[in-house]
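# Descriptive analysis of the structure
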Amino acid sequence: MIAIFQRFVCRLRAVFNKPALDADFSEELAQHLEAAIADNIRAGMTPDEARRKAHIGLGGVEQIRELHREARGLPSLENLARDIRFSMRMLCKSPGVTVVAVATLALGIGMNTAMFSMLNGLLLRPLSFSQVGELFRLDRNTPDESRGNHAADNFFDIRAASVDVAEIAGLMSWGMSLDPVDGAPEIVPVARVTANFFDVLRVAPLYGRTFRAEEEVLRQNDVIAISHEYWLKRFGGRKDAVGSMVRLDKRSVEIVAVMPPLADVNRIATGQNFPEPFAIYTPVGFFEYERNMRDGGSVQIFGRLLPGVGLGQAQARFNTIAADLARRFPDGNRDAVEAVRTLQSTVLRGSDRTITFLLIGLSGFVLLIACANLANLLLARSMARAREFSICAALGASRAQLIRPIVAECLLLTGTGMAASLFVVFGTSRWLAHRFGNPSVAVDFSPDARVLAFACATALVTALLFALAPAWWVSRRSPTDALKSDSRSMTGDRSQRGIREWLIVGQFALALLLLAGAGVFIRGIERLRHHDLGWQPEPLVTATLNMQDERVGWGPARAQFHAGLREKLLAIAGVDNAAVSNHSPTLYSNTKHEFRLWNGDPRDTGGDSFMAYQSVVSPSYFDTVGIRLLRGRNFNEHDHTRSRWVALIGETMAGQMFPGQDPIGQRIGYFAGAGNWVWLEIVGLVADTRPIEARPSDIRYEVYQPYAQRTWEVMTLLVRAKTPELAPALVEPIRRTVTDFNPNLAMYRVLPMATLIEEQTQVWETINQLLLLFAGLGLSLAGLGVYAVVARTIAQRTGEFGIRMALGAQARDILGLVFGANLRTALLGAGVGVIGALVLARYLASALPVFAEGNGPVLVAAVGVLLLVALVACLLPARRATRIDPVEALRTE
Amino acid sequence: MPKEKLDLLQGTLDLFVLQTLATMGAMHGYGIARRIEQVGADALMLNQGTIYAALVRLQQGKWIDAEWGTSDNNRKAKYYEITARGRKRLIAETENWQRVSGVVHRILGAPAGELPS
């Protein structure tokens, strides 16, 4: 090995010491000849004869030199250097083309790599927990809902039954009101975790201690750990934060730990209602109402495999546990499956993954179109040099020697393009991270080694792709071809035209795919935002209120409080209506609940069970939000704890749960803990509402209850402005009114609904913009490609057109000639592209159902746009063809 | 000419050069070429010039050393000399060659139908 290296160093040194070594060898050869001549003369030859014999004995001096050089240096490296120098000269000779080529490549590779850096940042970059490979997430799959969370009691059973395969921890995303450390009470995002949560993740606190097992229990859980960000923001990074007391949801709790930055906890946890990272961790302390039920819980389970245990082994255990739970508690667990996923694989969720791959794929298509353009360019250039190639071949150049300069040129172009593409990647990573991340899940798209490797690989594949066509063309030619034919009048023989046409077909197909892809996506998102939501977001202003104030009281007192607040709000100029609900209608949060159909007996719970979203609302909610009451009556002030318990349901639920019956007067019930069932009488039917989510939950049923009958801690305040334009101006008056009404109320995020929706749909907007950018680039590149090919063809056929015109052809005939050929190509490309677009639309629809319908017009429009571009790209050069002066054209011939 | 055969010849030529330098001491290129011709091995060289590629290869492997010196007739000439490393290689290669040629001889020389022992 060392010997090989030594020899390589020797040879490398020889490469850089060429002139000296050459001179040295010349002298040695001269010596050789001299000695041989002297010998020959001594043997009795004449001087001429002696010289001749000496030369014959030595052999051809130049060949010997070459042999010597080859043995001495690194011939392949020297050849490569020569080829690169040569192609550098070639590229510098036509700087315009070179700049366009490099810029195209830089954009193509850059965009592709930028998209990959997203995938890298979202999925490939490992979570920062130690031995992350051992970590997993446990999902609960039921026919109602896939990848759901767990009920508290199930969690305890699962944890107890799996101690010998894994450590199991739980987390619930929560919101709590934290009393002033310095000022107004605020609602903060809280992670309610089991005591071992940090141990399972192997995260140690920065200061203080983690939670103790006994603190997991309700009323013994008056301790919190604060996040690094919250510590810096509220405690100014002071160490004495540990040990101090704060009030959390009106309880006095002790800060026992300050955590290090834990961005990845926010990446793995789901269901955060707040667009901010967890500020506080507290032992879970399950409430009474969270116990004794086996369905509809919201405990997220994370686990770490014990050493030597595989994921499959753990899954087998969880299957056993699920079967056991189904046997012991068939209510709620009957069809439940417990499924393990590696934690890393959960980071990029289903539809995000589809979108990310879509973006990488489509940006790759842009690059492919650019490749086709460059292939065409190089092919044309090679054809122009056909004579030169033939002469070289005739003089004995091997195929490899002919192709090498082309490959060198490609490598040089892509190398430069790739270097320039890094500017694109670095320039966009921050913007992309800003647009795709949000404060609760910060994303990091900054390029790392993997991204650079991807850029290099892309560049290499690109170079190979567009070097292939010209290299193949050159290698197939026999030396006599070009020498026989006159290259000036050539448009290329049939096979060359074939490649070029197929390149154009490919470009058109890809461009159509990009156009249609962007179209389908944009239409889908538009549908998502503008389809009938069943409610009107525009005039609304929302705020989140935490009602846990003992001065407000419970039940009827709450209702009175809200009624009073509503009076004050209605007094603000421009306010039309106001209401409260337990969640904002923009997104369904953790308010799904299991219900039962009435079976004739309040104790008999054997009726059909179903999952529904549960909304707890004030009577004015439906008018405020704009939900239509279809039948029956609205809630009113007569619905209170002492009256009959009532509910309104959505129309889909009415149609499916009570087919052919009148839903009004029917009863549904839910389990209220401690063996009690609450039965609600359905008094009305309202229109379905839809959240603004691309992937709506499987659950389509809605149940509304009056807030006077069901108390909820954290409420969403909804205020309807008289006109949508007034909404932003109402934010401040609303804030002031609420604070004046009760200064102890923690209020959070007072925002116009439009802003909230914008926050939620920002990612979609960004994807729209990116797809439009891809489609625009792809289309213009394809157009440019067609233009270049048509222009070149016409330039080469000038003589032919001249003859045709001299013989009486009209401008129309010439145009027909040019269009006929290219229209066919464009149509063929569009046809292939339509098939591709259909496949793409199906792929999108499989991830997000909103993309499934109404794609026909989009496809038609895309084909139209493409043909228009083709037409323009043909028309510009074709017009020049019609202006050919026959006399001039024939004279140059 | 098939490539394998050339390689065999090349290697053999290197071996001859080493053997020549080992027996004759320091020599210049022309001398080595003449010597190889004299012992009748010129069939291995296409012409005298090919010796120089072999000399470069041997130098790279540090099996021989080269130095400019003065020839018998007082002219400057490049002299090649075998190194200790070269001698070791020569012994090893010679043994190897003898073993191989022994086997080849036995196989080719064996009467038809009889297996070599």
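Residues numbered from 1 in each chain as written. Chains lettered and ligands numbered in written order. Predicted model: local features only at pLDDT ≥ 70, side-chain atom pairs only at ≥ 80, totals over all residues. Heavy atoms only, no water.

Residues and elements named next belong to chain B. Overall, antiparallel pairing links the 3 strands, which are arranged E1-E3-E2 in an open sheet. The sheet terminates laterally at strand E1 (27–28) and strand E2 (64–70), the two strands that pair on one side only. Alignment of E1 against strand E3 (residues 76–82), held across 2 bridges, turns out to be antiparallel. Residue pairing for E3: Met 27 is matched across the bridge by Tyr 80. (Pairing = 2+ DSSP bridges. Helix = DSSP H or I, 4+ residues; strand = E, 2+ residues; numbered from the N terminus.)

Residue and element names in this part refer to chain A. Where helix H7 (residues 152–161) contacts helix H11 (residues 311–328), the axes come no closer than 10 Å and their chain directions differ by 135°. Here H7 is positioned oblique relative to H11, judged by the angle of their axes. The element H7 and its partner H11 pack so that their crossing is right-handed. Residue-level contacts link Asn 154, Asp 157, Ile 158 and Ala 161 of H7 to Arg 317, Phe 318, Ile 321, Leu 325 and Arg 328 of H11. In the contact of H7 with H11, the residues fall into 5 nonpolar, 1 polar and 3 charged. (Axes fitted to C-alpha atoms, helices over the stretch in contact; angles between N-to-C directions. Parallel < 35°, antiparallel > 145°, perpendicular 65-115°, else oblique. Left-handed = near helix turned anticlockwise from the far one by under 90°. Contact = heavy atoms within 4.5 Å. Nonpolar A, V, L, I, M, F, W, Y, C, P; charged D, E, K, R; others polar.)

Another point: the packing of aromatic side chains. Enumeration according to the criterion identifies 20 aromatic pairs over all chains in this entry. On the numbers, 4.0 Å between centres and 0° between planes, the contact of Phe 116 of chain A with Phe 454 of chain A is stacked. Linking Phe 116 of chain A in helix H6 (residues 95–124) with Phe 454 of chain A in helix H16 (residues 449–476), this pair joins segments that are 338 residues apart in sequence. Look at Phe 116 of chain A and you get buried, because its relative accessible area is 9%. Through a chain of ring-to-ring contacts, three or more aromatic side chains come together here, namely Phe 197, Phe 198, Phe 211, Phe 278, Tyr 281 and Phe 302 of chain A. We note Arg 667 of chain A situated over the ring of Trp 598 of chain A; from NZ or CZ to the ring centre the distance is 4.0 Å. Cation over ring: Arg 89 of chain B sits above Trp 63 of chain B, and NZ or CZ is 4.1 Å from the ring centre. (Phe/Tyr/Trp six-rings, centres within 6.5 Å; stacked < 30°, edge-to-face > 60°. Buried < 20%, exposed > 50% of the residue type's maximum accessible area, 1.4 Å probe, protein only. Lys NZ or Arg CZ within 6 Å of the ring centre and 35° of its normal.)

Residue and element names in this part refer to chain A. In the structure shown here, the tally under the stated rule is 26 salt bridges over all chains. The shortest N-O distance in the salt bridge between Arg 42 and Asp 39 comes to 3.2 Å. With Arg 42 and Asp 39 both in helix H2 (residues 18–42) and 3 residues apart, this pair spans about one turn of that helix. Taking the relative accessible area as the measure of exposure, Asp 39 reaches 24% and is therefore partly exposed. (Salt bridge = Lys/Arg side-chain N within 4 Å of Asp/Glu carboxyl O.)

Our next topic: the environment of Asn 373 of chain A. All names here are of chain A. Its place among the elements puts Asn 373 in helix H13 (residues 350–384). Through-space distance from the C-alpha of Asn 373 to that of Ala 101 is 8.6 Å; in sequence the pair is 272 residues apart. Apart from the residues lying within four places of it in its own chain, the contact partners of Asn 373 are Gln 507, Leu 781, Leu 784 and Gly 785.

A surface patch of like charges, here positive, comprises Arg 13 of chain A together with Lys 62, Arg 85 and Lys 88 of chain B. By the element assignment, Lys 88 of chain B lies in helix H4 (residues 84–109). Residue Lys 88 of chain B is classed as exposed on the basis of its relative accessible area of 64%. (Patch = residues over 30% accessible without salt bridge, like charges linked within 9 Å, V, L, I, M, F, W, Y side chains within 5 Å. Areas by Shrake-Rupley, 256 points an atom, 1.4 Å probe, with all protein chains shown as cover. Lys, Arg positive; Asp, Glu negative; His and termini not counted. Charge placed at Lys NZ, Arg CZ, Asp CG, Glu CD.)

Right, let's get into unusual backbone geometry. If you check the backbone angles, Arg 202 of chain A has positive phi at about 60° while not being a glycine. Inspection of the secondary structure puts Arg 202 of chain A in the loop between helix H8 (197–201) and strand E4 (207–208). Accessibility expressed as a relative area gives 41% for Arg 202 of chain A, which makes it partly exposed. The phi angle at Lys 62 of chain B is positive, at roughly 60°, despite the residue not being glycine. On the secondary structure map, Lys 62 of chain B appears in the loop between helix H3 (50–60) and E2. Taking the relative accessible area as the measure of exposure, Lys 62 of chain B reaches 44% and is therefore partly exposed.

Time to look at the side chain of Asn 768 of chain A. Tracing the chain through its elements places Asn 768 of chain A in helix H23 (residues 753–796). Non-local contacts of Asn 768 of chain A, meaning those with residues more than four positions away in its chain, are made with Phe 521, Ile 522 and Ile 525 of chain A.

The next point concerns the confidence of the model for chain B. Regions with low pLDDT should not have their predicted coordinates read in detail. All names here are of chain B. Across chain B, pLDDT averages 78, with 78% of residues at or above 70. The secondary-structure element of chain B with the lowest mean pLDDT is helix H1 (residues 3–24), recorded at 70, while H4 shows the highest, at 87. Two numbers describe this predicted complex: its pTM, 0.67, and its ipTM, 0.80. (pLDDT = per-residue confidence, 0-100.)

Contact with chain A, which involves 24 residues of that partner, is made by 20 residues of chain B. Contact between chain A and chain B buries roughly 2000 Å² in total, counting both sides, with carbon and sulfur atoms accounting for 55%. On the surface where chain A and chain B come into contact, there are 1 salt bridge. Lys 78 of chain B serves as the salt-bridge partner of Asp 24 of chain A, at 2.9 Å between the closest nitrogen and oxygen. Between chain A and chain B we count 8 residue pairs in polar contact (both at pLDDT 80 or more) in total. At the level of elements, helix H1 (2–16), H2, helix H3 (47–58) and helix H4 (61–72) of chain A are the ones that each hand at least two residues to the side of chain A that touches chain B. (Buried area = accessible area lost by both parts, 1.4 Å probe. Polar contact = N/O pair within 3.5 Å; in protein donor to acceptor, adjacent residues only side chain to side chain.)

All right, on to the packing of H2 of chain A against H3 of chain A then. Helix packing geometry: the angle between the two helix axes and the distance between the axes. Residue and element names in this part refer to chain A. At a closest axis distance of 8 Å, the pairing of H2 and H3 adopts a crossing angle of 130°. As judged from the angle between their axes, H2 and H3 are oblique. Remark: the crossing between H2 and H3 carries right-handed chirality. Where H2 approaches H3, its residues Leu 29, His 32, Leu 33, Ala 36, Ile 37, Asn 40 and Ile 41 are matched on the opposing element by Pro 47, Ala 50, Arg 51, Lys 53, Ala 54, His 55 and Leu 58. When the residues that make up the contact of H2 with H3 are grouped by side-chain class, the tally is 9 nonpolar, 3 polar and 2 charged.

Attention shifts here to H7 of chain A. Turning to H7 of chain A, its buried residues number three or more, namely Ala 152, Asp 153, Asn 154, Phe 155, Ile 158 and Arg 159 of chain A. Where H7 of chain A is buried, its residues touch strand E1 (135–141), strand E2 (166–178), strand E9 (300–305), H11, helix H12 (330–333) and strand E10 (337–342) of chain A.

On to the side chain of Thr 98 of chain A, then. All names here are of chain A. Within the secondary structure, Thr 98 sits in helix H6. Its relative accessible area of 13% is what places Thr 98 among the buried residues. Reaching out from Thr 98, the side chain makes a polar contact with the backbone oxygen of Leu 91 at a distance of 2.7 Å.

For the rest of this paragraph, the subject is the environment of Ile 835 of chain A. Residues and elements named next belong to chain A. Position of Ile 835 among the secondary structure elements: in helix H25 (residues 811–847). For Ile 835, a relative accessible area of 57% translates into the label exposed. Here the alpha-carbon distance between Ile 835 and Leu 512, two residues 323 residues apart in the chain, equals 9.9 Å.

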